[in-house]
Amino acid sequence: DTAVSQTPKYLVTQMGNDKSIKCEQNLGHDTMYWYKQDSKKFLKIMFSYNNKELIINETVPNRFSPKSPDKAHLNLHINSLELGDSAVYFCASSSIAGALTDTQYFGPGTRLTVL
Amino acid sequence: TQLLEQSPQFLSIQEGENLTVYCNSSSVFSSLQWYRQEPGEGPVLLVTVVTGGEVKKLKRLTFQFGDARKDSSLHITAAQPGDTGLYLCADSNSGYALNFGKGTSLLVTP
């Protein structure tokens, strides 16, 4: 069973479109995250949710809106896509928010290409 | 959010060689994690170090945490092609998410 799954794996779209990426975890964790990895492989936190509540919102444009319908799901909706949004987006989960000694489990990533 | 510096940025070696990669910060780490990311996949946790001076071993991988908790190193003995990947160090971002370094990209050729 996949612990953290994301769909789609690849997403190619035109500038200006709206798209969503879905994430599900079956680990029973309370905390979920979205990270963005740019073309230079730099991985940066975007959002963190704990028990469906937003606890981190880094300096991300408000075109990005995370939604957590329940503790097992954290989806990412992106409006008005721009060229600079092209990246790999990773979902992750952990059992405890705020504990660095806890393990974060990452999904396989969604490669978004904006043309 | 403190800046994590990783070096070298790229490393290409042959199978059987030893290597060390580094992670440094100007600030003290509360604790530090090392992840490995293989091509096309998400990062996977290798180890967490908490105590200054701590040494942890994972098969051919040896992790050290500096006495002052401002640096850490990862040493791989007799590297194998399966060790190829991006090695990332991470500390806590405001306690709620991971703050990653820019990584060391390792290529081990047969």
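That block above? That's the structure.
Residues numbered from 1 in each chain as written. Chains lettered and ligands numbered in written order. Predicted model: local features only at pLDDT ≥ 70, side-chain atom pairs only at ≥ 80, totals over all residues. Heavy atoms only, no water.

**Considerations on the state of the cysteines**
The bond known as a disulfide is covalent and runs between the sulfur atoms of two cysteines.
Residue and element names in this part refer to chain A.
Here's step 1: Here the structure, examined in full by the defined rule, presents two disulfides over all chains.
Here's step 2: Two residues share a disulfide in this structure: Cys23 and Cys91, whose sulfurs sit 1.9 Å from each other. Since a negative S-S torsion denotes a left-handed disulfide, the Cys23-Cys91 link at about -75° is left-handed. Residue Cys23 is located in strand S3 (residues 19–25), and its partner Cys91 is located in strand S9 (residues 87–94); the two are separated by 68 residues in the primary sequence. Of the two residues, Cys23 and Cys91, both sit in the buried class. (Disulfide = S-S within 2.5 Å. Helix = DSSP H or I, 4+ residues; strand = E, 2+ residues; numbered from the N terminus. Buried < 20%, exposed > 50% of the residue type's maximum accessible area, 1.4 Å probe, protein only.)

**A few points about the pairing of strand S11 (residues 104–109) of chain B**
Residue and element names in this part refer to chain B.
Here's step 1: The alternating pattern of S11 places Thr104, Leu106 and Val108 on a buried face, while none of Ser105, Leu107 and Thr109, on the opposite face, is buried.
Here's step 2: Pairing of strand S2 (residues 10–14) with S11 involves five bridges; the strand directions are parallel. Looking at S11, one finds that Leu11 is bridged to Leu106. (Pairing = 2+ DSSP bridges.)

**Here we look at the sheet that holds strand S8 (residues 73–78) of chain A**
What holds strands together in a sheet is hydrogen bonding between their backbones, with the strands either parallel or antiparallel.
All names here are of chain A.
Here's step 1: Spatial strand order, S1-S3-S8-S7: four strands in an open sheet with antiparallel pairing. The open sheet has two edge strands with one neighbour each: strand S1 (4–7) and strand S7 (64–70). Each adjacent strand pair in this sheet contributes to an overall mean axis angle of 20°, direction not counted.
Here's step 2: Pairing analysis gives four bridges linking S3 to S8, with the strands arranged antiparallel. By the bridge assignment for S8, Ser20 is matched with His77. (Axes fitted to C-alpha atoms, helices over the stretch in contact; angles between N-to-C directions.)

**Things to note about the packing of aromatic side chains**
Here's step 1: Across all of its chains, the model carries 10 aromatic pairs over all chains by this definition.
Here's step 2: Considering the side-chain rings of Tyr35(A) and Phe100(B), the 5.8 Å spacing of their centres and the 75° angle between planes classify their relative orientation as edge-to-face. Here Tyr35(A), found in strand S4 (residues 31–37), pairs with Phe100(B), found in strand S10 (residues 97–100), and the two come from separate chains. Grouping residues by exposure puts Tyr35(A) and Phe100(B) together as buried.
Here's step 3: Put simply, the rings of Tyr33(A), Tyr35(A), Phe90(A), Phe106(A), Tyr35(B) and Phe100(B) touch in pairs and so form one group of aromatic residues.
Here's step 4: Lying across the ring of Phe42(A), Lys102(B) places its NZ or CZ 5.5 Å from the centre. (Phe/Tyr/Trp six-rings, centres within 6.5 Å; stacked < 30°, edge-to-face > 60°. Lys NZ or Arg CZ within 6 Å of the ring centre and 35° of its normal.)

**Quick word on the sheet that holds strand S8 (residues 71–76) of chain B**
All names here are of chain B.
Here's step 1: Pairing in this open sheet of five strands is antiparallel, and the strands run S1-S3-S8-S7-S6 from one edge to the other. Each edge of the sheet is formed by a strand with only one pairing partner; in this case those strands are strand S1 (5–7) and strand S6 (55–58). Sheet twist, expressed as the average angle between the axes of neighbouring strands with direction ignored, equals 15°.
Here's step 2: Sheet analysis places strand S7 (residues 61–65) next to S8, joined by five bridges and oriented antiparallel. Note that in S8 the partner of Phe65 across the bridge is Ser72.

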